[in-house]
Structure formats: C-alpha cells, structure tokens
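As a plain string of letters, each chain reads:
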Amino acid sequence: MVAGALGFEIGGYEYTLGDPVTVGAVVFGAVLVAPFAEEVLFRGFVLGSLLGRGWSPVVAGSAAILAFGLLHVALLGIAGVIAMAAWSVFPTILRLRFNNLTGAWLLHFINNIWAYLGVVAPGIA
C-alpha cells in the first residue's frame, strides 16, 4: 500500500498453488533452495569477502544488502528492491552477530515459507 501511494508498483509471479507440480516447484525452489543459495551468496560470499578485505561491518553489510535488493529488481521493481533491502538488514545482522549463516538462513527460510505458503496459498496476495 505504501509503495502504491508513492507511485511504485511491486511486481511478482502470478500463480496459484492449486496444482501439485506448482506446489512442488515453489516448495523446492523458493522455500528450500533460494534461501540457502541467497544466504551463501550474499551473506556468505559477498559479505565475507568484503569483511576479509578489511571493510567495516557496516559498509560491507550495506553492500551485501544493496546487492541482495538489486537481485530482485527485475521481478519486483524498485519498490521491491527497497522492501527486499529493508528486510535483508535482519539476516545481515544475524550473520554479523554470530559469524555464521545458520540464523540468517533460518530467518530467510521462515520468511519464504510465510511469503509463498502462508500468503500465496490462501490467496491473500
């Protein structure tokens, strides 16, 4: 609603979870694989590499957050980038606080369960 009020649109996939093949694809791709792959890439590789080069945690975390947000621009538009970047602060803090990906991945996994199965499945979005 906020994005719409500001003149932005958030895009996304249009599908329903009435087909078992679609459910399988969503559970496998969006709920299981994507959180793991994105956490390894952005909070593992990108953030870890920047920290290893001596970047401060704030600057390195901000770069990883921006990169994560920009990954979603084609699908979600500018408003989606802003939303993804804002959400990405939380797994980034977990990664920095505990120096591992477990918390970040678990948060991402739970978020995607909610986003894809808790919101899309019952037709809320």
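Residues numbered from 1 in each chain as written. Predicted model: local features only at pLDDT ≥ 70, side-chain atom pairs only at ≥ 80, totals over all residues. Heavy atoms only, no water.

Peer 1: Honestly, the overall build of the chain in this entry has me stumped. Any pointers?
Peer 2: Scanning the chain from terminus to terminus reveals five helices and zero strands. Overall, the chain shows an N-to-C arrangement of helices and strands of α-α-α-α-α. The 125 residues of the chain split such that 29% are buried. As displayed, the chain offers around 7,600 Å² of accessible surface, 73% of which is attributable to carbon and sulfur atoms. (Helix = DSSP H or I, 4+ residues; strand = E, 2+ residues; numbered from the N terminus. Buried < 20%, exposed > 50% of the residue type's maximum accessible area, 1.4 Å probe, protein only. Areas by Shrake-Rupley, 256 points an atom, 1.4 Å probe, with all protein chains shown as cover.)

Peer 1: Any chance you could explain the pattern of salt bridges here in plain terms?
Peer 2: Note on pairing: side chains with opposite charge can pair once their charged atoms come close. Under the definition given, this model contains one salt bridge. Salt-bridge contacts for Glu 39 lead to Arg 43; the nearest nitrogen and oxygen are separated by 2.7 Å. Pair noted here: Glu 39 and Arg 43 are both in helix H2 (residues 20-52), with a separation of four residues, about one helical turn. (Salt bridge = Lys/Arg side-chain N within 4 Å of Asp/Glu carboxyl O.)

Peer 1: Looking at this structure, how should I read H2?
Peer 2: Think of an α-helix as turning once every 3.6 residues; residues three or four places apart then point the same way. A maximum bend of about 45° is found in H2 at Val 33, where proline Pro 35 lies one to four positions downstream. Looking one or two residues beyond H2, the residue adopting positive phi is Gly 54, at roughly 95°. (Bend = angle between axes of the 7 residues up to and from the residue.)

Peer 1: How do you make sense of the packing of H2 against helix H4 (residues 73-98) when you look at a structure like this?
Peer 2: Each pair of packed helices gets described by two things: the angle between the helix axes and the distance between those axes. Relative orientation of the contacting elements H2 and H4 amounts to 60°, with a least axis distance of 11 Å. What the angle tells us is that H2 and H4 run oblique. When you trace H2 past H4, the crossing you get is right-handed. Here Glu 39, Arg 43, Gly 44, Leu 47, Gly 48 and Leu 51 of H2 lie close against H4, whose contacting residues are Trp 87, Ser 88, Pro 91, Thr 92, Arg 95 and Leu 96. (Axes fitted to C-alpha atoms, helices over the stretch in contact; angles between N-to-C directions. Parallel < 35°, antiparallel > 145°, perpendicular 65-115°, else oblique. Left-handed = near helix turned anticlockwise from the far one by under 90°. Contact = heavy atoms within 4.5 Å.)

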